[in-house]
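Architecture at a glance
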Amino acid sequence: MKVFFFGCSGLLSLACSTFVALTSINVSEQNQNTLYIKETAAAVASSKSLNTETSHAELVSVINDEQAMEVMGESIWSVDPVPSKVEDGVPLLKLQANRQVLATLNLGQVLQLKVPGLDKVLLAELFSTHNQRNNMQVWSGRLLNRQPGESILVTKGSHETYITISTKKAVYSVRINNETGYGTMINETQVLNDLVDRSKDKEKSDSTRLAQTD
């Protein structure tokens, strides 16, 4: 019985050792994959100046969306995709900003921008900054995984931060309370289009009423 007991213990020990070894291999493979992604991005970034739109496009093209979100950027907010509030006919989207990210903006930083209605998470790189009156700090950036010319502008004050995201599809404005991180997002293009449509409807209604009066 003692021999059988020690034999089982030996088999159990061997099984545990094998499991640990396989787990270590899996973890090692994951680490190597992550390292490969980072090295690939770094290699593309260093091959050309990051001041060109072409190099940015190449940088993002070597990484798929999920990997890019994990490796390249810091999420700046989480946003409710359903408009929950309407002020003066304007739908607002609620969001909660990452205050730590907002407090540590720096040149070359890549941000993740989740915008409801767009087909992917935006990646924006901050490439210049300057100060304005009243301790207002302004950051300018470009969108990496979109079309050339699309941009982001961050204006950070002592109490609130204002962000404008310009894409080919629409322009979005964001207002964030620095203390709480609570904010709102507005689709400025949609608001403008709605105003134009209402103006056309009013003109049509006024023309119809005048025609009936005559």
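Residues numbered from 1 in each chain as written. Predicted model: local features only at pLDDT ≥ 70, side-chain atom pairs only at ≥ 80, totals over all residues. Heavy atoms only, no water.

**Thoughts on the pairing of strand β9 (residues 160-166)**
Regular strands place side chains that alternate from one sheet face to the opposite one. Of the two faces of β9, only the one carrying T161, I163 and I165 is buried; E160, Y162, T164 and S166 on the other face are not. Here strand β8 (residues 151-156) runs beside β9; their pairing, made up of 6 bridges, is antiparallel. Bridge pairing in β9 links L153 to T164. The hairpin formed by β8 and β9 contains 3 residues between the paired strands. Both β9 and strand β10 (residues 171-177) contribute to a ladder of 7 bridges, which runs antiparallel. In the strand pairing of β10, T161 is matched with I176. Here β9 folds back onto β10 in antiparallel fashion, the turn holding 4 residues. (Buried < 20%, exposed > 50% of the residue type's maximum accessible area, 1.4 Å probe, protein only. Helix = DSSP H or I, 4+ residues; strand = E, 2+ residues; numbered from the N terminus. Pairing = 2+ DSSP bridges.)

**Side note on the environment of K94**
Relative to the elements of secondary structure, K94 occurs in strand β4 (residues 90-97). For K94, a relative accessible area of 36% translates into the label partly exposed. Here the alpha-carbon distance between K94 and M185, two residues 91 residues apart in the chain, equals 6.5 Å. With sequence-adjacent residues up to four places away left out, K94 is seen in contact with V79, D80, S84, Y182 and G183. (Contact = heavy atoms within 4.5 Å.)

**Thoughts on the pattern of salt bridges**
Per the counting criterion, the structure on display carries 3 salt bridges. As a salt-bridge pair, R142 and E125 come within 3.6 Å of each other at their nearest N and O atoms. Of this pair, R142 sits in strand β7 (residues 136-143) while E125 sits in strand β6 (residues 122-132), and the two are 17 residues apart along the sequence. Judged on exposure class, the residue R142 and its partner E125 are both buried. For the salt bridge of R175 with E160, the shortest nitrogen-to-oxygen distance reads 3.0 Å. Of this pair, R175 sits in strand β10 while E160 sits in strand β9; the two residues are 15 residues apart in sequence, bridging distant segments of the chain. (Salt bridge = Lys/Arg side-chain N within 4 Å of Asp/Glu carboxyl O.)

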